[in-house]
Amino acid sequence: MMKKRLLVLIPHYNDPEGLKASIASIDEDFPVDVFVIDDGSNKTPNEKELVGSYKNGTIFFNYLKENKGLSYALNSGIEFAINNNYEYTGRLDCRDLFIRNKCSKQLSFLESNVNIKLLGTWAKMVDEHNNQLYILKHPVNHEKIKKNMYLNTMFVHPSVIIRTEVFSDIGVYNIKYSKAAQDFDLFFRIVKKYETANYPEALLIYEMSLNSISSRRRKLQVKNRINIIWDNFYFGFYPIYGIIRSYFLYFLSRETTTKLKSIINKK
């Protein structure tokens, strides 16, 4: 069977307008298929409208009977990508937006660097009114990414494109972290075994909302991050510093950490 190129996974929960905006932002010169996973929503997507307005590829839909969390939703998408022979699996979240040719730039990079299995990008962080807060510039180099993973995830989750073959080796999202930090756990497993990178350009517009899942579950997210660091712990500067840093961040609010990141990233 001939390999298809790219499938973008978009989990959805009660945000049809956000889903519509995110899909509309996919603007490439090659076909990009989309797999929407509705995680037990009360407000389901308007399939006919979405399919009719999307000219960049094919949209597939999967409806979960109940809300089970992000890991379950994304794993159903990964299963679809594997079963349908997609070479690359990407991500996007409702209300986050791709910059034009984001995927083209990443795939060109991946095809020129066959050793890289996971590629993220920098991101333009905005508030709910689309005011820019800062540009999040994660490390580009794998060795720096590997060290700094003990401090926090080194990838913006909706920006990543992963070679689908990787999932057959390292597994999928851990349902243990289905409510928070599932991306941190998955990326840690990939980083420990394969080379990774970040594309040095802000190719994603990421909305930082106080009503988002990551904001509402921030303490659980940090708690899970601490557990994941312990799972990968060794006696060294970065793991020890990462544990101390995470315990400190546990007691700070999302508003405080956002302000701190804005100050640091504007320097």
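How each quantity is defined
- Residues numbered from 1 in each chain as written.
- Predicted model: local features only at pLDDT ≥ 70, side-chain atom pairs only at ≥ 80, totals over all residues.
- Heavy atoms only, no water.
- Helix = DSSP H or I, 4+ residues; strand = E, 2+ residues; numbered from the N terminus.
- Rg over C-alpha atoms; globule rule 2.2 N^0.38 Å.
- Buried < 20%, exposed > 50% of the residue type's maximum accessible area, 1.4 Å probe, protein only.
- Contact = heavy atoms within 4.5 Å.
- Lys, Arg positive; Asp, Glu negative; His and termini not counted.
- Charge placed at Lys NZ, Arg CZ, Asp CG, Glu CD.
- Salt bridge = Lys/Arg side-chain N within 4 Å of Asp/Glu carboxyl O.
- Polar contact = N/O pair within 3.5 Å; in protein donor to acceptor, adjacent residues only side chain to side chain.
- Phe/Tyr/Trp six-rings, centres within 6.5 Å; stacked < 30°, edge-to-face > 60°.
- Axes fitted to C-alpha atoms, helices over the stretch in contact; angles between N-to-C directions.
- Parallel < 35°, antiparallel > 145°, perpendicular 65-115°, else oblique.
- Left-handed = near helix turned anticlockwise from the far one by under 90°.
- Nonpolar A, V, L, I, M, F, W, Y, C, P; charged D, E, K, R; others polar.
- Pairing = 2+ DSSP bridges.
- Arc of directions from axis to C-beta.

> What exactly am I supposed to notice about the overall build of the protein here?
Counting its regular elements, the protein contains 11 helices and nine strands. Its C-alpha radius of gyration of 18 Å places the protein within 12% of the 18 Å reference for a compact globule of 267 residues. A buried classification covers 54% of the 267 residues belonging to the protein. Sequence separation of at least 24 residues holds for 80% of the intrachain contacts in the protein that already meet a minimum separation of 6. A distance of 6 Å separates the average location of the 38 positive side-chain charges in the protein from that of its 28 negative side-chain charges.

> Is there a simple way to explain the pattern of salt bridges in this structure?
Where charged atoms from two side chains of opposite charge come close, those side chains can pair. What the rule picks out here adds up to 10 salt bridges. Of the charged contacts in the structure, one is a salt bridge between Lys 105 and Glu 201, with a shortest N-O distance of 2.9 Å. Taken together, the positions of Lys 105 in helix 4 (residues 102-112) and Glu 201 in strand 9 (residues 195-207) put the pair 96 residues apart, joining distant regions of the chain. Given the relative accessible area of 28%, Lys 105 is considered partly exposed. In this structure Glu 201 comes out as partly exposed when scored by relative accessible area, which is 30%. Put simply, Asp 185 and Arg 189 hold a salt bridge, and the shortest N to O gap is 2.9 Å. On the criterion of helical spacing, the pair formed by Asp 185 and Arg 189 is a turn pair, its members being four residues apart in helix 7 (residues 182-193). Accessibility expressed as a relative area gives 8% for Asp 185, which makes it buried. Taken together, the salt bridges that share partners define one network made up of Asp 27, Asp 29 and Arg 100.

> Looking at this model, I keep getting lost on the side chain of Gln 106. Mind explaining?
Position of Gln 106 among the secondary structure elements: in helix 4. A polar contact is formed between the side chain of Gln 106 and the side chain of Lys 102, at a distance of 2.4 Å. Aside from chain neighbours lying at most four places away, what touches Gln 106 is Leu 119, Gly 120, Thr 121, Ser 159, Val 160 and Ile 161.

> What's the story with the packing of aromatic side chains in this structure? I'm lost.
Here the distance between the centres and the angle between the planes together describe a pair of aromatic rings. Under the defined criterion, the tally for this structure stands at 14 aromatic pairs. Between Trp 230 and Phe 233, the aromatic rings sit 4.9 Å apart at their centres with planes inclined by 45 degrees, giving tilted as the arrangement. The class for Phe 233 is partly exposed, based on a relative accessible area of 24%. A centroid spacing of 5.2 Å and a plane angle of 85 degrees characterise the contact between Tyr 250 and Phe 251, whose relative ring orientation is edge-to-face. Take Tyr 250: its relative accessible area is 26%, and that puts it in the partly exposed class. Put simply, the rings of Phe 35, Phe 60, Phe 80 and Tyr 86 pair up and form one aromatic cluster.

> Could you clarify how one ought to interpret the packing of helix 9 (residues 218-231) against helix 10 (residues 237-250) in this entry?
Helix packing for two helices is described by the angle between their axes and how far apart those axes are. Between helix 9 and helix 10, the least distance of the axes is 10 Å, while the angle of their chain directions is 165 degrees. By the angle between their axes, helix 9 is roughly antiparallel relative to helix 10. Considering the relative orientation of helix 9 and helix 10, their crossing is left-handed. Here helix 9 contributes Arg 218, Lys 219, Val 222, Lys 223, Arg 225, Ile 226, Ile 229 and Trp 230 to the contact with helix 10, which in turn contributes Pro 239, Gly 242, Ile 243, Arg 245, Ser 246, Tyr 247, Leu 249 and Tyr 250. Taken together, the residues that form the contact of helix 9 with helix 10 break down as nine nonpolar, two polar and five charged.

> Just to check I follow, could you spell out the side chain of Asn 56 for this structure?
With respect to the helices, strands and loops of the structure, Asn 56 is situated in the loop between helix 2 (47-53) and strand 3 (59-64). Polar side-chain contacts of Asn 56 include one of 2.9 Å to the backbone nitrogen of Glu 28. Engagement of the side chain of Asn 56 in a polar contact is seen with the backbone oxygen of Phe 30, the distance being 2.7 Å. Not counting chain neighbours up to four residues away, the residues in contact with Asn 56 comprise Ile 26, Asp 27, Glu 28, Phe 30, Pro 31 and Val 32.

> Looking at this structure, how should I read the pairing of strand 4 (residues 86-91)?
A regular strand places its side chains on the two faces of the sheet in alternate fashion. For strand 4, a buried count of five out of six residues is recorded, marking the element as mostly surrounded by other parts of the structure. Pairing between strand 4 and strand 8 (residues 161-163): three bridges, direction antiparallel. Within strand 8, the residue paired with Thr 89 across the bridge is Ile 162.

> How do you make sense of helix 1 (residues 16-24) when you look at a structure like this?
Each turn of an α-helix holds 3.6 residues, which means side chains three or four residues apart point in the same direction. Those residues of helix 1 that sit buried are Gly 18, Leu 19, Ser 22 and Ile 23. Within helix 1, the buried residues cover an arc of 130 degrees as seen down the axis, which keeps them to one side. For helix 1, the exposed residues lying more than 90 degrees away from the buried face are Glu 17 and Ala 24. Tucked into the core, helix 1 has its buried residues touching strand 1 (4-12), strand 2 (33-39), helix 2, strand 3 and strand 5 (97-98).

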